[in-house]
Amino acid sequence: MKTAFFASAAVIALAAFGTTGAFAQSRDTIQIAGSSTVLPFASIVAEEFSAAFPEFKTPVVGSGGTGGGLKQFCEGVGENTIDIANASRQIKDAEREVCTTNGVTDIREVQFGFDGIVFASAASGADFALTPLQVYKAIAAKVVVDGALVDNPYKTWNEIDASLPNQPISLAIPASNHGTREVFQEKVVTAGFKEAGAPEGLSEDEIKAAETTFRQDVVIEISGDYTETLARLNSDPNTVGVFGLSFYEQNTDSLKVATVNGVTPSKETVADGEYPVSRPLFFYVKGQHIGTIPGIEDYVQFFLSEGVSGEGGILEAAGLIPQPADKTAEVLASFEAGAAQ
Amino acid sequence: MATDIQTSSSASADRRKLVRSGLRRRHLNEQIFRGLGIAAIALALGFVALLFVDVFRKGIPAFIQSNVHLAVTYDPAVIDVGPAPARADFASEAEFNAASLKWQREVALLNWNTIVEASLRKALPEGYEITSRELLAIPETNARHAIREKFVSDPSLLGQTVEVDVLASANTANWVKGNIDRSLGDTQQQLSAPTRGLIDIFEENGTITNGFAWSIFTNVDSRSAPASAGLLGAFVGTLWMMLIVVVLAVPIGVAAAIYLEEFAPKSRLTDLIEVNINNLAAVPSIVFGLLGAAVFINWFHLPISAPLVGGLVLTLMTLPTIIIATRGALMGVSPALRQAALGMGASKTQMVFHHVLPVTFPSILTATILGVAHALGETAPLLLIGMKAFVASVPATPLDQAAALPVQIYLWQGNENRNFFEPRTAAAIMVLLGVMILLNGVAIYLRSRLEKRA
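Only a predicted model underlies this, so the values are computations on that prediction, with no experimental measurement involved.

### Section: the packing of aromatic side chains
Here's step 1: Considering all chains together, one arrives at 32 aromatic pairs over all chains under this definition.
Here's step 2: Ring centres of Y136(A) and F193(A) lie 5.4 Å apart, and the angle between their planes is 65°; on these two criteria the pair is classed as edge-to-face. Of this pair, Y136(A) sits in helix α5 (residues 132-139) while F193(A) is found in helix α7 (residues 179-196), placing the two residues 57 residues apart along the sequence.
Here's step 3: Three or more aromatic residues joined by ring pairs form one cluster here, namely F49(A), F53(A), F56(A), F112(A), F283(A), Y299(A), F302(A) and F303(A).
Here's step 4: The cationic tip of K286(A) hangs over the ring face of F73(A); the distance from NZ or CZ to the ring centre is 5.1 Å.
Here's step 5: Against the face of W175(B) rests R182(B), its NZ or CZ located 4.2 Å from the ring centre.

### Comments concerning the packing of helix α10 (residues 268-282) of chain B against helix α12 (residues 307-331) of chain B
Residues and elements named next belong to chain B.
Here's step 1: One way to put it is that α10 packs onto α12 with a least axis distance of 8 Å and a crossing angle of 125°. Accordingly, the angle class assigned to the pair α10 and α12 is oblique. Between α10 and α12 the crossing geometry is left-handed. Note on element contacts: α12 touches α10 through P320, I323, I324 and R327, opposite E274, I277, N278, L280 and A281.

### Observations regarding the interface of chain B and chain A
Here's step 1: Contacts between chain B and chain A engage 48 residues on the former and 48 residues on the latter.
Here's step 2: Counting the surface lost from both chain B and chain A, the interface buries some 4100 Å², and carbon and sulfur atoms represent 58% of this.
Here's step 3: Summed over the three residues of chain B that lose the most area to chain A, namely R105(B), F390(B) and E416(B), the buried surface amounts to 14% of that side.
Here's step 4: The interface formed by chain B and chain A includes three salt bridges.
Here's step 5: Linking E55(A) and R105(B) is a salt bridge whose minimum nitrogen-to-oxygen distance equals 2.4 Å.
Here's step 6: In this assembly, chain B and chain A are joined by 20 residue pairs in polar contact (both at pLDDT 80 or more).
Here's step 7: If you list the elements that add at least two residues to the side of chain B that touches chain A, you get α2 (93-108), α5 (143-153), α9 (232-263), α11 (285-299), α14 (348-376) and α17 (418-453) of chain B.
Here's step 8: Sort the elements by how many residues they give to the side of chain B that touches chain A and α9(B) lands first, with five residues.
Here's step 9: For the side of chain B that touches chain A, the class distribution of residues is 22 nonpolar, 17 polar and nine charged.

Conventions adopted
Residues numbered from 1 in each chain as written. Chains lettered and ligands numbered in written order. Predicted model: local features only at pLDDT ≥ 70, side-chain atom pairs only at ≥ 80, totals over all residues. Heavy atoms only, no water. Phe/Tyr/Trp six-rings, centres within 6.5 Å; stacked < 30°, edge-to-face > 60°. Helix = DSSP H or I, 4+ residues; strand = E, 2+ residues; numbered from the N terminus. Lys NZ or Arg CZ within 6 Å of the ring centre and 35° of its normal. Axes fitted to C-alpha atoms, helices over the stretch in contact; angles between N-to-C directions. Parallel < 35°, antiparallel > 145°, perpendicular 65-115°, else oblique. Left-handed = near helix turned anticlockwise from the far one by under 90°. Contact = heavy atoms within 4.5 Å. Buried area = accessible area lost by both parts, 1.4 Å probe. Salt bridge = Lys/Arg side-chain N within 4 Å of Asp/Glu carboxyl O. Polar contact = N/O pair within 3.5 Å; in protein donor to acceptor, adjacent residues only side chain to side chain. Nonpolar A, V, L, I, M, F, W, Y, C, P; charged D, E, K, R; others polar.

So yeah, pure geometry; function would need other evidence.
Here's what the structure looks like:
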C-alpha cells in the first residue's frame, strides 16, 4: 500500500513536471476561430491544405461567431492566442483598439468571397416574397404610421401587406455575436426604416433606437448555429428564419427560400449584386505570428489560390460565392506587402 | 363487574371497529403509494426507452456506408511528374526528405479529379449523358486523395489499372439510404436528376455497394469529405483526458480524504474545508470551464484546445466526488478494526494503510469509475477552453489540439448537411453510451469481485 502511495506521489510530481514542460514546446499547428459562416469554408481549406502540404499539420478551426473570434484574436500575441480570426463582417474600430492595447498591431485583412443572407421558412409553409420595408414593419418595436412612430400594431403578415400569407409574424434572427446580424440590420432593417420615411425632427439616438429595437414577442434571437434556427422552424412552421445562402443550399429539402425585392437568392444573383442582402467574407491574420507559427503564409496563399476560392474551386462547390480574380490578386498583394514591412 | 365487562367488551368492539375502519384506509394508502412508485419507475424507464429507441433508430443507419467501386487507371498523360526520388541518390537523409516532400507537393497539385472522372466514365452505361460536375458528385471529394495516396506509397502503379473502393459522397449516401425524401422535386433535391438516375443504376450493377462503416471508428472528423467523418480523433482526445483525470484525481482525492478523515484534527478549519468540498461537488461544470480558461490558459499559458487542459479541468470537477466517496467509505469501516490494529501496536499510518484502506478499496474504485464516467460525458467546460474547434488529426500527445467525444456530438449536431449528420450524431451518441455502459459494467464487476474477496 505504501509503495502504491509513493508511486502516486511520483506520478503527481511527474504530471506537474510535464505541465511546466509545456511552456518550452512551441505550437506548430495554425489555430483559427470565429464566424460560423466562414467555419465550413475554413475547415475545408484546412483539410485540403494539409493534403497539399504534407510538412504542415492540419490547422485547427474553432467557431464562436465573428465577435467571439475577434475577441480571442485580440487577446494578445503568443502561442496561446489564435493566429487567424474568421469574420463575416469587417473588424470594428473598437475591436482594433482592444487589439492595439493588447499588442496585436499587425492585423492583415483577407477578403476571399461573398455570401448571401436569405429568409427561409419550412418547406411545407407558405411562399414569401419580402421587401426590406416589410421585414422592418414586422420586427421593429415602433413603426412609422402616418408620419409618426407608434407601437407596432401588426400581428399577421397579411396585415403588413395583402400579398403576404395570413400567418402570425415570427422571425428567428441571428443574435449579436454573429456577423450575419450586422448585415441583416444594415441591409434589411435600416434600409426598410429609410424606405418607411422616418418622421422629421428625430435625434440621431432616437433614429438608432427606432432602427435597432425589435419586438421581443415575435423575434427569436439565435446565438447558436443555423441548425438551431432550423430546429426552431421545424418546431414552429410559422417561423421565418434568417440563414446563410450556403446553409440553405444544403438543406433545400426542408427549407423554402423567400425572394427579396422580387429576386430569388442564388449564387448568380448574389455574385452580380442583383440580390440585395449579401456581404463579403473575411479572415484576419495576426502578422506577428508569421514566422513563429509555421505555415501561415502558405495557408493564406493556398486559401486564395484559384483551385480553392476561385471560380470552379472547391469552396464554390461548398457554397461560397467567389470574388473576381483581380480582387483576389489585390488582396493577396496587400497581404504580402504587409509581410514586407 | 358485569357492567364492567360489558363496557370493556363494547369498548374493545369500538376499538376493533376503529382499527378495522382505519385498516382499510391504511391498506389503501399503501396501495396508492405502491402504485405511485410503480408509476414513477414506469415513467422513468419509459423516458429512457424512448430516448434509446429514438437514438438507435436514427443512429443505426449511420453504421452502414456506401462505397463506389472504381477501376482506376493511373494515366501517365495526367500524372505528369518525374519519378519519385530514391534514397540512394541523396547524400543525406535531410536532402532526401526535402526532395521527396517536393515530389509529393508536385503530385498533390495534379488534377486527380480527372482520373476519378475517367474511372467513373468507364462504369457508365453506354450513351448515358452526364456532365463532369454531376458525375463527380457521386464519390466523396476525398476520393482523389485516396487514389493519390495509393500512388505516393507505390509510384510503380503509373500506367496500371487497379481496383479501388472509395467512399460515396454524403449526398449519394442520403439518396441510397433514403435519408432524403425521394419524391421531392428537382429544385429541392441536392443531386441533379442524371446523378440520381446514375446512382440507382450503379446500385443495381454493383458499382455502389453498402458495407459496415468502419470509417466511423478509424477516421478523424472531416468537413471537406463529410462521408468520411469519424470519431477516432475525438476518441483519442477523450482517452488522453481520462488518463489525466485518473492519474491526478485518484491519488490527490484519496490522499485528501484519508488525511481529512483519519489524521486531521476536528476543528473549525476542517469543518469549513468539509463544507466547501461538498459545495464544490455541487458547482455547475460550466464554472469549472470558466475557471480553467482563466487559470490554465490565460495564466499558465497552456495551449488551447488541448486534452491536457481539458483533463485538468475535469480533474478539478471529479476531485470532490472522489474525496466525498472515499471519506464515506472510510467512515463506514468498523471501529473494531481500527482498535484491533492499534491494540496490536500498529502505528496510525500502519492502521490506515494496512487495515482500513484495503477494506474501502471497492468503494473507492467504484467512485473513481463513476466519477470518470461522469467526466467522460461532460461537455460544457470543454466548450469554454476551446475544445469545440474543428480538429482533423489524432492528438499524439496531450498537448496537441483535440476534440472529445461529447464535443464531437455537439459539433456534428451543428453540421449544415442535416440529412447526413443527424444519423451520424446519433451514431456518435451510441458510441459514447457504449463506452459509458462499459465503464459502469467494469465498476460493477470489480466491486462485486473485490467485495467477495474482502
